[in-house]
Amino acid sequence: MSTTPTLNGQAIGQAHYATRALLERALAPLGVSFGQVLALNVLAAGPAEPAQLVRRITSTLKVDEPAVHQVIASLTDADLAYLDEASLRLTDTGRATQARIADAVAGITARLYADIPTDEARIAARVLTLVTQRANAELAAIPA
């Protein structure tokens, strides 16, 4: 029996869920959900129109629009973001929370990827990007 791992959805999923579990445990003291983390990261780059944020999160998480509207509402309810005219923006609390998220992600990333050779990491990134593109193309071809 071969001990060489096979690249498939199970291997990819296990890596995703193990990494996400680490992130969620690190962020538990902040009281933020995974969806909120994604939205805060988008807003850290600058203001975003709600529709733009909805498109970005639905395409990333493969969730429906009402779920993202709930995330946006939860951010505003928690004073992490606010709607200014037509754009969502981070509050000071939101910026501080996102900075703590970025620190947690940086620490997890440093520990998990520290000794992976650069060439192997690039190959893995290319393969995963290709798998994502193919899956997105198949999803787009499915009638709504």
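Just so you know, these numbers come straight off a predicted model, no measurement behind them.

Chemist: Just checking my understanding: could you explain the pairing of strand 1 (residues 81–84) for this structure?
Modeler: Residues in a regular strand project their side chains so that they alternate between the two faces of the sheet. Where strand 1 and strand 2 (residues 87–90) come together, four bridges link them in antiparallel fashion. Residue pairing for strand 2: Tyr82 is matched across the bridge by Arg89. Taking the residues between adjacent antiparallel strands as the criterion, strand 1 and strand 2 are bridged by two residues, where Glu85 takes a positive phi near 60°.

Chemist: Looking at this structure, how should I read the packing of aromatic side chains?
Modeler: Two aromatic rings are characterised by how far apart their centres lie and by the angle between their planes. Evaluated as defined, the whole model comprises zero aromatic pairs. Directly above the ring of Phe34 sits Arg20, whose terminal nitrogen or CZ lies 3.9 Å from the centroid.

Chemist: For this particular structure, what's the right way to read unusual backbone geometry?
Modeler: One can expect most non-glycine residues to show negative phi and most peptide bonds to be in trans. Of note, Lys62 is a non-glycine position whose phi angle comes to about 60°, a positive value. Locating Lys62 in the fold gives a position in the loop between helix 3 (50–61) and helix 4 (65–77). Its identity as a non-glycine residue notwithstanding, Glu85 has a phi of 60°, on the positive side. Within the element layout of this structure, Glu85 appears in the loop between strand 1 and strand 2. Using a relative accessible area of 77% as the deciding quantity, one classes Glu85 as exposed.

What counts, and where the lines are drawn
Residues numbered from 1 in each chain as written. Predicted model: local features only at pLDDT ≥ 70, side-chain atom pairs only at ≥ 80, totals over all residues. Heavy atoms only, no water. Pairing = 2+ DSSP bridges. Helix = DSSP H or I, 4+ residues; strand = E, 2+ residues; numbered from the N terminus. Phe/Tyr/Trp six-rings, centres within 6.5 Å; stacked < 30°, edge-to-face > 60°. Lys NZ or Arg CZ within 6 Å of the ring centre and 35° of its normal. Buried < 20%, exposed > 50% of the residue type's maximum accessible area, 1.4 Å probe, protein only.

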